[in-house]
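Here's the letter readout for the chains.
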Amino acid sequence: MTLVRIPDDALAVACGADRVARRFEELGATVERVSSWGMHWLEPLVEIDGIGFGPVGVADVEGVLAGGSDLSVGRIEDHPFIASQTRLTFARAGKTRPLSLQDYAATGGWKGLERARAMTAEAITAEVTASGLRGRGGAGFPAGIKWETVRTANGVRKYIVCNADEGDSGTFADRMLMEGDPFVLIEGMAIAGLAVGAAKGFVYIRSEYPHAVRKMEAAVRLAAPLVAPFEIEVRVGAGAYVCGEETSLLNSLEGKRGEVRAKPPLPAHEGLFGCPTVINNVLTLAAIPYILAEGAQAYADYGMGRSRGTMPVQLAGNIRFGGLYETAFGATLGELIGIGGGSASGRPVKAVQVGGPLGAYFPPSLFDTPFDYEAFTARDGLIGHGGVVVFDDSVDMAAQARFAFEFCAAESCGKCTPCRIGAVRGRETIERVIAGDPDGLALVADLCETMKFGSLCALGAFTPYPVMSAITHFPADFVVEERV
Amino acid sequence: MELDEIVARHIGREGPLLPILHDVQAAAGFVSEEAIRDIAQALNLSRAEVSGVVSFYHDFRRTPDPRPAIRLCRAEACQARGSEALAAHAERVAGERVRVGTVYCLGLCTVGPNAMVGDELHARLDEGAVSALIGAM
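Residues numbered from 1 in each chain as written. Chains lettered and ligands numbered in written order. Predicted model: local features only at pLDDT ≥ 70, side-chain atom pairs only at ≥ 80, totals over all residues. Heavy atoms only, no water.

## Concerning the overall build of chain B
Piece 1. Looking only at helices and strands, chain B features seven helices and four strands.
Piece 2. When the helices and strands of chain B are placed in sequence order, the string is α-α-α-α-β-α-α-β-β-β-α.
Piece 3. Considering only C-alpha atoms, chain B reaches an extent of 50 × 30 × 25 Å along its principal axes.
Piece 4. Contacts in chain B between residues at least 24 apart in sequence constitute 60% of all its contacts with a sequence separation of at least 6.
Piece 5. About 6100 Å² of surface is accessible on chain B, with carbon and sulfur atoms providing 50% of the total.
Piece 6. Both charge centroids of chain B, one from 14 positive and one from 19 negative side chains, sit 4 Å from each other. (Helix = DSSP H or I, 4+ residues; strand = E, 2+ residues; numbered from the N terminus. Contact = heavy atoms within 4.5 Å. Areas by Shrake-Rupley, 256 points an atom, 1.4 Å probe, with all protein chains shown as cover. Lys, Arg positive; Asp, Glu negative; His and termini not counted. Charge placed at Lys NZ, Arg CZ, Asp CG, Glu CD.)

## What to know about the nonpolar core
All names here are of chain A.
Piece 1. Counting residues in hydrophobic clusters, the biggest one holds 144 residues, and the most contacted among them are Trp147, Met178, Leu185, Ile186, Val203 and Ile205.
Piece 2. For this core, the element with the most residues is helix H10 (residues 182-196), which contributes ten residues.
Piece 3. With residues up to four places along the chain from it excluded, the contact list for Ile205 reads Ala164, Met178, Ala212, Val213, Met216, Val234, Arg235, Val236 and Gly237.
Piece 4. Counting residues in each nonpolar core, the second largest holds 33 residues, with Met39, Val349, Val352 and Phe367 among its members. (Core = buried A, V, L, I, M, F, W, Y, C linked by side-chain atoms within 4.5 Å. Buried < 20%, exposed > 50% of the residue type's maximum accessible area, 1.4 Å probe, protein only.)

## Considering the domain arrangement of chain A
Residue and element names in this part refer to chain A.
Piece 1. Assigned domains within chain A: domain 1 (3-83), domain 2 (101-300), domain 3 (303-392) and domain 4 (397-478).
Piece 2. Facing the nine residues of domain 1 at the interface are seven residues of domain 2.
Piece 3. Across the domain 1/domain 2 interface, buried area totals approximately 600 Å², and carbon plus sulfur atoms make up 56% of it.
Piece 4. The largest contributions to the domain 1 side of the interface with domain 2 come from Asp9, Ala10 and His40, which together make up 55% of the buried area.
Piece 5. Linking domain 1 with domain 2 are two salt bridges.
Piece 6. Here domain 1 and domain 2 share three residue pairs in polar contact (both at pLDDT 80 or more) between them. (Domains from an automatic or database assignment. Buried area = accessible area lost by both parts, 1.4 Å probe. Salt bridge = Lys/Arg side-chain N within 4 Å of Asp/Glu carboxyl O. Polar contact = N/O pair within 3.5 Å; in protein donor to acceptor, adjacent residues only side chain to side chain.)

Set out below in structure tokens:
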């Protein structure tokens, strides 16, 4: 009987994977539901004996089984999109059944935790520091230093909090990781628990990810005996983008309004319920098992400058070959867009937004920027959570600048004035510019300065990135033609 | 499910308010004034504190809306794939019968425009697909 492997990831399901799986079963095949390889333009991507077929619709199933399908993409592992990647965090993508403990253990799972159990807490944090791993949520803070701060903080109770509130448009790596390889995140959290002396961890997942919530809940139950006495609880957000900000998230977990807290105190000193707390993004924690299993140096050997290791880049938006592309830091933006095959519409690429709704828009003249925290900062941008959203030449950058303010206004927690009021006034002023007021732009620039330096968190402070990059790099879109 | 059952299920957890509100919202379709009062009493919070939390989060409604609902993603990656024109089309097709809401990102940013109906996800939408989805609701 033919064994057919089909992803059960939310994206594949949204593209019809469940219906395709049922059809294969009706025709007598044995179906195994696995994680997604991350080649989204091919989803649902069906694998038979290592050969991929995609995108497969219900009507294509018979042809695929009969062997006469023109949907074949050859051996999936040899596909250039996969073969050119360096997958450390996503090593299991496409290869294992997400909730199979057997598959996880057979592919090197729990090795990092085993090694950590034989180490002192201090040695674990030193290993993480030596790896050069930086926070993958966007801020890029060295993970080992954060852990060491929590380890040495005074407190009877300490917590590990996983930030899975992946709200940035153009990002889906957290979702894919939780849906495709949930045990690696659990292992990473358990190692963090050993490192800092925490007995409890929370995974805070946004409510827009119901599939990820179900997978993580099931995985936490299955893995509970393996990580005990460390305990993990899954919590669901409630549709507030700002809860991706770490202190908002902590307030939300405590059952409060998701308002930002002023820092200091840092969460490492006074975090969840006032206790020392490690709060890390999904991808940061999921990188940990590799670092512990293979050693810090193995991870640090990848990357450039102060950006060590790999980044799961997410190629999204109007892109021909969109999906998950994990690669060592240092690849240029242009190389990444090239891998993505340019725009899906076939029209010229006009702009790419890197790092979510708070990231800058880059024009083609800056596509030589290497993927590296410092290189992006030097060009008034940020890599954020690694989302790359491509726009073709039909995009109106004045409308995008307006949207950036509009989004900030809708999602502002309201705690600080520059963000709460600035976003509303910014949208109004951009609208005046669009209506033909030439003095508006200077006002927008001034307002952006205030927001950048006066806001409590990244929502207000980084909204100027998309706005000012649109104005700086695409000035023609802000000029209103003379009306006669 | 009754409110006291919901409260009893979560009250032993650390920070029980959001899990309770999620269950109330799921069971009733909104969080009523009475529910806010009872939850506040059970958790030893003021009504203002619970109201403040309910009003902060987009997922919680203060008033019922029995209409079926579809949520379209209108974040940047879907914008780059034509979600704005599609949203206008959805509004026209839906009229007053179906509630067309907005969601900022479903994490399917390579296959947009996308939408969510309940917990069900729909990708690669065009005008025909949206009309069919709304028509079937």
